Amino acid sequence: MSDALINGLAGAGGGIIAQLITYPLQTVNTRQQTDRNSKKEKQKLGTIEQMYQVVRQEGWDRLYGGLAPSLVGTAASQGVYYYFYQIFRNRAEIAALEGKKKGIGDGSVGMFSSLLVAALSGCVNVLLTNPIWVVVTRMQTHTKKSKGSHPEPAASEDAIGAVVEPPPFGTTHAIQEVYGEAGVCGFWKGVFPTLIMVSNPSIQFMLYETLLKKIRKRRASSNKGANDVTALEIFLLGAVAKLGATVVTYPLLVVKSRLQAKQVTGGDKRHQYKGTLDAIMKMIRYEGFYGFYKGMGTKIVQSVLAAAVLFMVKEELVRGARFLLTGTAASTVRSKPP
């Protein structure tokens, strides 16, 4: 089994576990991002309060709306990303070694090369998996009206439930809705800001690998010679790297969610977006710069936790797979640079 395939499968496994743990936070965050109230009408509810509100008004299942396609998307995204990342990384390492033979560099992959490798991997991932995330966004932002919001006529509870309760909004419904609005092209809504957002994992992996390399070099030069990195340290490195990347790229994430959510076809034109630039201009005009940072606190908690879990699980799966396939001690394998 190739190293790229091992990393791809490990990335998919780590992504699924991280997704299951943090999905309710993702749902609330997507709703915060697509909330189009003006600056004066901004939400006062905190993340926990909003989660409670969703459960009370719509039920527990709405916190997990779109979970099935999201898990498929996470597995596909992480698998595609890590697979191509490892392929591009291997080529970068070969180029670095060839450069060393010519007297250029020390034979290791530099920060710029790491950034480029992550960016290329991200672009491939976005183009292949964007339709899945459009469907997930639709399902996360679909609001189910609570029974309590309807007047209660003099009838039995079963009869009221039969009249009030709308049919479940599933994956098929979301696909039909997207296709009905914009055809096949609708599944690539928000792809432009998403492509720009490949800088997020690029910055994330650049920070992660730079910090990881420093820790390993420091331990390699120590008297103990123990240059293995623990799962807890991987967790913390992943959290720090993701925090830095999220703060920089969050406005693009909000614009992407606005474009992928269900568009308002009538009424207030402030909520109708023709494209990326139109969405940006209307958000600035009607909501101010605050609109670009709606739900950022929730996103930081969710993304940092998810990234930390992902890195930790992925590294452990890679180490376990290599050990099973080669019989090499885990610490020996982990001593190599990523």
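- With an unreviewed UniProt entry as reference, the protein is termed Peroxisomal nicotinamide adenine dinucleotide carrier, source organism Nicotiana attenuata.
- One UniProt comment on the protein, placed under Subcellular location (unreviewed entry), says "Membrane".

## Considerations on the overall build of the protein
Phase 1: When its secondary structure is counted, the protein shows 12 helices and 0 strands.
Phase 2: Each helix and strand of the protein, ordered N terminal to C terminal, gives the series α-α-α-α-α-α-α-α-α-α-α-α.
Phase 3: By residue count, 46% of the 338 residues in the protein fall in the buried class.
Phase 4: Within the protein, contacts between residues at least 6 apart in sequence are counted, and of these 80% link residues at least 24 apart.

## Examining the nonpolar core
Phase 1: Grouped together as the largest cluster of nonpolar side chains are 22 residues, with contacts concentrated most on Y85, F205, Y208, L212, I234 and F311.
Phase 2: Mapped by element, the contributors of at least two residues to this core are helix 3 (67–101), helix 4 (111–141), helix 8 (199–220), helix 9 (231–260) and helix 11 (296–326).
Phase 3: Broken down by element, the residue count for this core peaks at 6 residues, all from helix 11.
Phase 4: Contact partners of Y85, with chain neighbours within four places excluded, come to V117, A118, S121, F205 and E209.
Phase 5: Y250, L259, A279 and M296 belong to the second-largest nonpolar core, a separate cluster that totals 11 residues.

## Observations concerning the UniProt feature "transmembrane region" (unreviewed entry) in the protein
Phase 1: UniProt tags residues 109–128 and 291–313 as "transmembrane region" (unreviewed entry).
Phase 2: Span residues 109–128 is 90% helix and 0% strand, its end C-alpha atoms 27 Å apart.
Phase 3: Helix makes up 78% of residues 291–313 and strand 0%, and the two end C-alpha atoms of the span are 34 Å apart.

## Here we look at the packing of aromatic side chains
Phase 1: In the structure shown here, the tally under the stated rule is 8 aromatic pairs.
Phase 2: Centre to centre, the rings of Y208 and F311 are 4.1 Å apart; their planes meet at 15°, and the pair counts as stacked. One end of the pair, Y208, is in helix 8; the other, F311, is in helix 11, and 103 residues separate them in sequence. F311 carries the same exposure label as Y208, and that label is buried.
Phase 3: What links up through ring pairs into an aromatic cluster is the set Y81, Y82 and Y85.

## Remarks on the packing of helix 9 against helix 11
Phase 1: Between helix 9 and helix 11, the least distance of the axes is 7 Å, while the angle of their chain directions is 140°. When the interaxial angle is binned, helix 9 and helix 11 end up oblique. Between helix 9 and helix 11 the crossing geometry is right-handed.
Phase 2: Its residues assigned to classes, the contact of helix 9 with helix 11 comprises 17 nonpolar, 3 polar and 4 charged.

## Focus on empty space enclosed by the protein
The probe, sized like a water molecule, is rolled over the atoms to show the empty space still left.
Phase 1: Counted according to the given criterion, the structure contains 2 cavities of 30 Å³ or more.
Phase 2: What the largest cavity holds in volume is close to 1,100 Å³.
Phase 3: Among the elements of the structure, helix 1 (3–33), helix 3, helix 4, helix 8, helix 9 and helix 11 are those that each provide at least two residues to the lining of the largest cavity.
Phase 4: For the lining of the largest cavity, the element with the most residues is helix 4, which contributes 9 residues.
Phase 5: Here the residues of the lining of the largest cavity sort into 16 nonpolar, 25 polar and 3 charged.

## So, the confidence of the model for the protein
Phase 1: For the protein, mean pLDDT is 77; residues scoring 70 or higher make up 82% of the total.
Phase 2: Within the model, pLDDT remains below 50 along residues 146–165, and this stretch shows 10 contacts once partners closer than five positions in the same chain are excluded.
Phase 3: Contacts for the low-pLDDT stretch residues 329–338, under 50 throughout, to residues beyond four places or in other chains number 21 contacts.

## Section: a nonpolar patch on the surface
Phase 1: On the surface, a nonpolar cluster with roughly 450 Å² of combined accessible area is contributed by L277, M281, I284 and F289.
Phase 2: Along the chain, F289 turns up in the loop between helix 10 (276–287) and helix 11.
Phase 3: Among the residues examined, F289 registers a relative accessible area of 60% and is labelled exposed.

## A look at the packing of helix 1 against helix 4
Phase 1: In contact at an axis separation of 9 Å, helix 1 and helix 4 are set at 70° when each is read in the N-to-C sense. Taken together, the axes of helix 1 and helix 4 are roughly perpendicular relative to one another. From helix 1, Q19, Y23, Q26, T27, T30 and R31 reach across to helix 4, where they touch W133, V136, T137, Q140 and T141.

What counts, and where the lines are drawn
- Residues numbered from 1 in each chain as written.
- Predicted model: local features only at pLDDT ≥ 70, side-chain atom pairs only at ≥ 80, totals over all residues.
- Heavy atoms only, no water.
- UniProt positions renumbered as here; feature names shortened; annotations may be inferred.
- Helix = DSSP H or I, 4+ residues; strand = E, 2+ residues; numbered from the N terminus.
- Buried < 20%, exposed > 50% of the residue type's maximum accessible area, 1.4 Å probe, protein only.
- Contact = heavy atoms within 4.5 Å.
- Core = buried A, V, L, I, M, F, W, Y, C linked by side-chain atoms within 4.5 Å.
- Phe/Tyr/Trp six-rings, centres within 6.5 Å; stacked < 30°, edge-to-face > 60°.
- Axes fitted to C-alpha atoms, helices over the stretch in contact; angles between N-to-C directions.
- Parallel < 35°, antiparallel > 145°, perpendicular 65-115°, else oblique.
- Left-handed = near helix turned anticlockwise from the far one by under 90°.
- Nonpolar A, V, L, I, M, F, W, Y, C, P; charged D, E, K, R; others polar.
- 1 Å grid on protein atoms, 1.4 Å probe; cavity = no way out; pocket = protein on both sides within 12 Å on 5 of 7 lines; lining within 4 Å.
- Points joined across faces, edges and corners; volume = space filled by probe spheres on them.
- pLDDT = per-residue confidence, 0-100.
- Patch = residues over 30% accessible without salt bridge, like charges linked within 9 Å, V, L, I, M, F, W, Y side chains within 5 Å.
- Areas by Shrake-Rupley, 256 points an atom, 1.4 Å probe, with all protein chains shown as cover.
- Salt bridge = Lys/Arg side-chain N within 4 Å of Asp/Glu carboxyl O.

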